[in-house]
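# Topology and contacts: notes
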There are 2 protein chains.
Amino acid sequence: MGEFELIERFFTRAPRRSPLGVGDDCALLQPRPGMQLAVSSDMLVEGRHFLSTADPRRLGHKALAVNLSDLAACGAEPLAFTLALALPGADEAWLGAFAEGLLALADAHGCELVGGDTTRGPLCIGITVFGEVPAGGALLRSGARPGDDLWVSGTLGDARLALEAFRGTVSLPQPVFEAARLRMEQPSPRVALGMALRGIANAAIDISDGLLGDLGHVLRRSAVGATVDADAAAALLGARALGWPAPPEAMRDLVLAGGDDYELAFAAPPDARAAVEAAGRTTGTPVTRIGRIDAEAGLRIVDAQGVPLGRDWQGFDHFR
Amino acid sequence: MGEFELIERFFTRAPRRSPLGVGDDCALLQPRPGMQLAVSSDMLVEGRHFLSTADPRRLGHKALAVNLSDLAACGAEPLAFTLALALPGADEAWLGAFAEGLLALADAHGCELVGGDTTRGPLCIGITVFGEVPAGGALLRSGARPGDDLWVSGTLGDARLALEAFRGTVSLPQPVFEAARLRMEQPSPRVALGMALRGIANAAIDISDGLLGDLGHVLRRSAVGATVDADAAAALLGARALGWPAPPEAMRDLVLAGGDDYELAFAAPPDARAAVEAAGRTTGTPVTRIGRIDAEAGLRIVDAQGVPLGRDWQGFDHFR
């Protein structure tokens, strides 16, 4: 199957919102008047971001999900994306399943595939996603203020727990493993919550490299510090709700520094608590307060009694 | 060197035109009122699109050039780009040179780096480029009309000639090799010409996979045919002007199906000849008429006397 036939067969659909989609030198996008275009690019490499045995349908889902999660962190509404794909070969069954997972999530978010590139090479997936946000209304990392509550969405740590199970460092009951594996392989980008938090949250980020590591970016760009209740956070491990008797120390590690969560961490003033909770309710997304933003620089991790924990956690860094 | 330090050191500069650049979950772009955003993504893989010994400065240039060439083919003005980079390791000398080549070309076109992603993996460069074009004013592949002249910009075939020299299938005098190698490693995207052809050309495409292969996309999308003067085209081999005594058959092959040229092929009505030539002059870009668009489907390759050539040329296809 040639490159053009491959694109035609699996990745070409008529554009709906965009003036021009797949098949020309460029795609054309037209943000509505008064809107800015939010743009994010991510690259997923086999062996680094996913296992060679990954189910292609779930992989298609995840490749787009991690990008939609960046739009969510800005409060942007998904619009379109491009796909650049390096493939070891043109395996039709694999491509069909990959496209199915990818386009199902795209359709669920009204995000259309408008262009891209395919080539032969080691399996590598590059997606650039576009969303719309009212000019000046994007949630940024730089807006957190002292006194803000610190919130996170959903559950944390389960994707890393699944990875550790795959690595053999932990043994899980089957239902716990299956649930954690779904979190790793099919994360749900918090797009609706991000949009609902516009005008409410002062700052937001998506948790892809671990809660504390990503929170560090917010603190640096906002020139503030934070205090995080490690026990309130640790309670967010989904596996715990399934009855997995996790050691407390392991729970803290997974939740604070696990990575691959694709939840939102955000800061909002205390008088916006009801509004944050309403945003969570209307979008069907659990939201939990786990700390506060401080004027004093640095990150303080405390237990439920407010006692500082002596340990240091570091976000996962692909080049460390 | 960590991922974040790497980005900070080599790829972060203050945004100039974009509301938000590198360092948040998304970059923000704001096309001017009445403008559409042209978007194109390309992925370059080591061993496929460039040799492992490629000079990183030239590689940085080329990675962006092939994307700018897509904007040129739409008549779009470059605005910004994102860079997704998989690297086997964080080699500072290599990255510094790569960034230098990349950002020098970006600066020459007023195209700013607004975001991206770095990860460890087999060397793979994914760029998504953004340009502005007046709504409805983009040059498309679908606008060619019977009776249009068929034009190409610049010279053709030399990049492939250099590749063949690297492969050892042809031996070139040193000055010819050096010139051809520059065409392969540092193509000049025809951005100014593309913009100047807005409102003049009916259709355009960039020649990345070989003249005939790419022309085929225009014919298919415009539902027309074409007649190409193979000898007028063959005269565009830059190496010929340097005195390389190329066999006529080899010249035709290189020019018609060589690939990697990043010139524009475009169709314009005969009464626009003076305007096309003026566009070439004002932008310092040679433009040459090499054929015409026909109502009859199919591609007819003829010699200087109009006699059909019996051979078939196929554009380079990464999956053939």
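Everything discussed here concerns the structure shown above.
Let me begin by describing the structure that accompanies this report. As the structure is a computational prediction, the values presented were derived from the model and not from experiment.

How each quantity is defined
Residues numbered from 1 in each chain as written. Chains lettered and ligands numbered in written order. Predicted model: local features only at pLDDT ≥ 70, side-chain atom pairs only at ≥ 80, totals over all residues. Heavy atoms only, no water. Helix = DSSP H or I, 4+ residues; strand = E, 2+ residues; numbered from the N terminus. Buried < 20%, exposed > 50% of the residue type's maximum accessible area, 1.4 Å probe, protein only. Contact = heavy atoms within 4.5 Å. Areas by Shrake-Rupley, 256 points an atom, 1.4 Å probe, with all protein chains shown as cover. Lys, Arg positive; Asp, Glu negative; His and termini not counted. Charge placed at Lys NZ, Arg CZ, Asp CG, Glu CD. Polar contact = N/O pair within 3.5 Å; in protein donor to acceptor, adjacent residues only side chain to side chain. Least-squares fit on C-alpha atoms with pLDDT ≥ 70 in both. Phe/Tyr/Trp six-rings, centres within 6.5 Å; stacked < 30°, edge-to-face > 60°. Salt bridge = Lys/Arg side-chain N within 4 Å of Asp/Glu carboxyl O. Nonpolar A, V, L, I, M, F, W, Y, C, P; charged D, E, K, R; others polar. Pairing = 2+ DSSP bridges. Axes fitted to C-alpha atoms, helices over the stretch in contact; angles between N-to-C directions. Expected span 1.5 Å × (residues − 1).

## Comments concerning the overall build of chain A
Scanning chain A from N- to C-terminus turns up 11 helices and 11 strands. Dimensions of chain A, computed from C-alpha atoms along their principal axes, come out at roughly 60 × 50 × 35 Å. Looking at chain A as a whole, 58% of its 320 residues are labelled buried. Look at the contacts in chain A between residues 6 or more apart in sequence, and 84% of them connect residues 24 or more apart. Accessible surface computed for chain A: about 11,800 Å², of which carbon and sulfur atoms make up 52%. Measuring between centres, the 29 positive side-chain charges of chain A sit 4 Å from its 40 negative side-chain charges.

## Structural notes on the environment of Thr-282 of chain A
Residues and elements named next belong to chain A. Within the element layout of this structure, Thr-282 appears in helix α11 (residues 273-282). As for Thr-282 and Asp-261, which are separated by 21 residues in sequence, their C-alpha atoms are 22 Å apart. Reaching out from Thr-282, the side chain makes a polar contact with the backbone oxygen of Ala-279 at a distance of 3.3 Å.

## Some words on the relation of the copies chain A and chain B
Of the transformation superimposing chain A on chain B, the axial component is 0.0 Å and the angular component is 180°, with the fit at an RMSD of 0.0 Å. The operation mapping one copy onto its partner corresponds to a two-fold rotation axis. Same-surface contact between copies: 100% of interface residues of chain A are shared with the interface of chain B.

## What about the packing of aromatic side chains?
Tallied over the entire structure, the rule returns seven aromatic pairs over all chains. Geometrically, the ring pair formed by Phe-130 of chain A and Phe-130 of chain B is edge-to-face, given 5.7 Å between the ring centres and 90° between the ring planes. On the criterion of chain membership, the pair formed by Phe-130 of chain A in strand β5 (residues 124-134) and Phe-130 of chain B in strand β5 (residues 124-134) is interchain, its members lying in two chains. Aromatic side chains Phe-166 of chain A and Phe-177 of chain A sit 5.4 Å apart centroid to centroid with 65° between the ring planes, which places their arrangement in the edge-to-face category. With Phe-166 of chain A in helix α4 (residues 158-167) and Phe-177 of chain A in helix α5 (residues 174-185), this residue pair connects regions lying 11 residues apart in the sequence.

## Quick word on the interface of chain A and chain B
Each side of the interface is counted separately: chain A has 68 residues, and chain B has 68 residues. Counting the contacts that link chain A with chain B gives zero salt bridges. Our enumeration of links across chain A and chain B arrives at 13 residue pairs in polar contact (both at pLDDT 80 or more). Looking at the side of chain A that touches chain B, the element that brings in the most residues is strand β2 (residues 35-45) of chain A, giving 10 residues. Of the residues in the side of chain A that touches chain B, the class split is 37 nonpolar, 18 polar and 13 charged.

## Quick look at the pairing of strand β9 (residues 263-268) of chain B
Residue and element names in this part refer to chain B. Across the six residues of β9, six count as buried, placing the element largely inside the fold. Across four bridges, strand β6 (residues 149-153) lies against β9 in antiparallel orientation. Within β9, the position partnered with Asp-149 by the bridge is Ala-268. The sheet contact formed by strand β7 (residues 203-207) and β9 spans five bridges and is antiparallel.

## Considering the sheet that holds β9 of chain B
Residue and element names in this part refer to chain B. Strand order across the open sheet formed by six strands is β7-β9-β6-β10-β8-β11, with mixed pairing between neighbours. Unpaired on one side and paired on the other, β7 and β11 (298-302) mark the two borders of the sheet. The sheet shows a mean angle of 25° between the axes of neighbouring strands, taken without regard to direction. Pairing of β6 with strand β10 (residues 287-294), which is carried by five bridges, proceeds in the antiparallel orientation. Residue pairing across strands places Trp-151 opposite Arg-289, the latter belonging to β10.

## Focus: the pairing of β5 of chain A
Residue and element names in this part refer to chain A. The element β5 is extensively covered by neighbouring structure, given that 10 of its 11 residues are classed as buried. Here nine bridges tie strand β3 (residues 77-87) to β5, and the two strands are oriented antiparallel to one another. Considered in β5, the bridge of Leu-83 is made with Ile-127.

## A look at the sheet that holds strand β1 (residues 27-29) of chain B
Reading across from one edge, β4(A)-β3(A)-β5(A)-β2(A)-β1(B) is the order of the five strands in this open sheet, with mixed pairing throughout. The open sheet is flanked by β4 (112-120) of chain A together with β1 of chain B, the only strands paired with a single partner. The average angle at which neighbouring strand axes cross in this sheet is 20°, direction not considered. The pairing of β2 of chain A with β5 of chain A spans 11 bridges and is classified as antiparallel.

## A few points about helix α3 (residues 92-108) of chain B
Counted at 1.5 Å a residue, the expected span for α3 of chain B with its 17 residues is 24 Å, and the 24 Å between its end C-alpha atoms agrees. Taken together, the buried positions of α3 of chain B are occupied by Trp-94, Leu-95, Ala-97, Phe-98, Ala-99, Gly-101, Leu-102, Leu-103, Leu-105 and Ala-106 of chain B.

## Thoughts on the pattern of salt bridges
All names here are of chain B. Within this structure, the stated rule accounts for 32 salt bridges over all chains. Between Asp-231 and Arg-252 there is a salt bridge whose closest N-O contact spans 3.1 Å. Here Arg-252 lies in helix α10 (residues 248-257) and Asp-231 lies in helix α8 (residues 230-234), a separation of 21 residues in the sequence. Look at Asp-231 and you get partly exposed, because its relative accessible area is 26%. Asp-294 is the partner of Arg-300 in a salt bridge, and the nearest nitrogen-oxygen pair spans 2.8 Å. Asp-294 sits in the buried class, given a relative accessible area of 10%.

On their own, these measurements won't tell you what the molecule is for.
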